[in-house]
Amino acid sequence: MFQKQLNVKWIASGILALVVLIVAMGSVYTVEEGHVGIVKRFGEAKYQENPGLHFKVPFMDSVESIEVRTRKNGEKMASSTAEQMPVTVEVSVNWTVNKEAALELFRRYGGLLQFEQRILDPRFRSATKDTIPKFEAEQLIQDRALAITGIETRLIEEMSEFPVIVDNIQIENIVLPSKYIQSIETKQTEKNLAAAEEHKLERQRLEALREVNTADAQAQGIIKVAEAEAQSILLKGEAEAKAIEAKARALRDNPLIVKLTEAQAWDGKLPATILGSATMPIMDMREAANK
């Protein structure tokens, strides 16, 4: 009898401990980093909690996690270009739930999956399909950033009333008919060849212009040298003429200068011969002196 009572007590204690453990475990929960916890009481969203360890009412409260890190949604869709050419585009959008409004988003849409399916994805597809037909195929290939800006502007406008942030959009891939791709490649090759030829002609023009400038500079140099030489000769001639003129004027004004010049040039010897009149012969003055 005593043994039976002891066994009953042990069983009751075990059951109580188990209940306490279950209650204790049901009273605490954790929220992972990059998420917020939405606490529901009997299914009604009451409040949200940040990452960390938290407590709740056992059996009454439940917690759902909402990611508030950047998420990426991708779409692959068929569309057409401005010239009605079929095109398939792969686009993606990065977006983030506004952390402070996570509770509102959960209350209105029931979670991220429902929000994506009912709100984000349809608007993203609509923005893409409305934007792509505004561009020609060649524009999409050569300047897809312009198309991205168009989609992004449209989607941001569409999502302005919702508690999310559209971070950026990317066009991952553009698939056009193979024949058109070949024609674009051929056209681009021709453009590159034309640009190369134009560059070559421009270089030749510049080289010819440089040669002309060099020849002109050399000609100008020769002209300058000739002008300098001519000017030098002119100045020298003018100087010599002025010197002769000054000398003549001095001789004219001072006849004695001639005598002085002759005296300075005389070597002290008398002339050996003199010229007589027309009827007299030339006489040797040395012989006359000896006689």
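Refer to the structure printed above.
Residues numbered from 1 in each chain as written. Predicted model: local features only at pLDDT ≥ 70, side-chain atom pairs only at ≥ 80, totals over all residues. Heavy atoms only, no water.

**As for the overall build of the protein**
Regarding its fold elements, the protein presents eight helices and ten strands. Burial statistics for the protein: of 291 residues in total, 24% are counted as buried. Here the protein has roughly 20600 Å² of accessible surface; of this, 58% comes from carbon and sulfur atoms. (Helix = DSSP H or I, 4+ residues; strand = E, 2+ residues; numbered from the N terminus. Buried < 20%, exposed > 50% of the residue type's maximum accessible area, 1.4 Å probe, protein only. Areas by Shrake-Rupley, 256 points an atom, 1.4 Å probe, with all protein chains shown as cover.)

**Focus on a nonpolar patch on the surface**
Together, Val28, Leu53 and Phe55 line one region of the surface with nonpolar side chains, adding up to about 320 Å² of accessible area. Inspection of the secondary structure assignment puts valine 28 in strand S1 (residues 28–31). Residue valine 28 is classed as partly exposed on the basis of its relative accessible area of 31%. (Patch = residues over 30% accessible without salt bridge, like charges linked within 9 Å, V, L, I, M, F, W, Y side chains within 5 Å. Salt bridge = Lys/Arg side-chain N within 4 Å of Asp/Glu carboxyl O.)

**Concerning the sheet that holds strand S6 (residues 71–80)**
With respect to topology, three strands assemble into an open sheet ordered S6-S7-S8, the strand pairing being antiparallel. Each edge of the sheet is formed by a strand with only one pairing partner; in this case those strands are S6 and strand S8 (164–175). Taking the axes of each pair of neighbouring strands and ignoring which way they run, one obtains an average angle of 20 degrees across the sheet. In the sheet, strand S7 (residues 86–97) pairs with S8 via ten bridges, with the strands oriented antiparallel. Residue pairing in the sheet places threonine 96 in a bridge with isoleucine 165 of S8. Sitting on the sheet, helix H5 (residues 144–158) touches S7 and S8, and the angle it makes with S8 is about 145 degrees. (Pairing = 2+ DSSP bridges. Axes fitted to C-alpha atoms, helices over the stretch in contact; angles between N-to-C directions. Contact = heavy atoms within 4.5 Å.)

**Considerations on the packing of aromatic side chains**
In this structure the tally under the stated criterion is four aromatic pairs. Taken together, a centroid distance of 6.2 Å and an interplanar angle of 55 degrees make the contact between tyrosine 109 and phenylalanine 162 tilted. Within this pair, whereas tyrosine 109 is found in helix H2 (residues 102–109), its partner phenylalanine 162 is found in the loop between H5 and S8, the two being separated by 53 residues in sequence. Each ring, one from phenylalanine 115 and one from phenylalanine 162, has its centre 6.1 Å from the other, and the planes form 70 degrees; the classification is edge-to-face. Of the two residues, phenylalanine 115 sits in helix H3 (residues 112–131) while phenylalanine 162 sits in the loop between H5 and S8, which places them 47 residues apart along the sequence. Just as phenylalanine 115 is buried, phenylalanine 162 falls in that class too. By the ring-pair criterion, three or more aromatic residues cluster together here, those being Trp95, Tyr109, Phe115 and Phe162. (Phe/Tyr/Trp six-rings, centres within 6.5 Å; stacked < 30°, edge-to-face > 60°.)

Geometric values such as these leave the question of function open.
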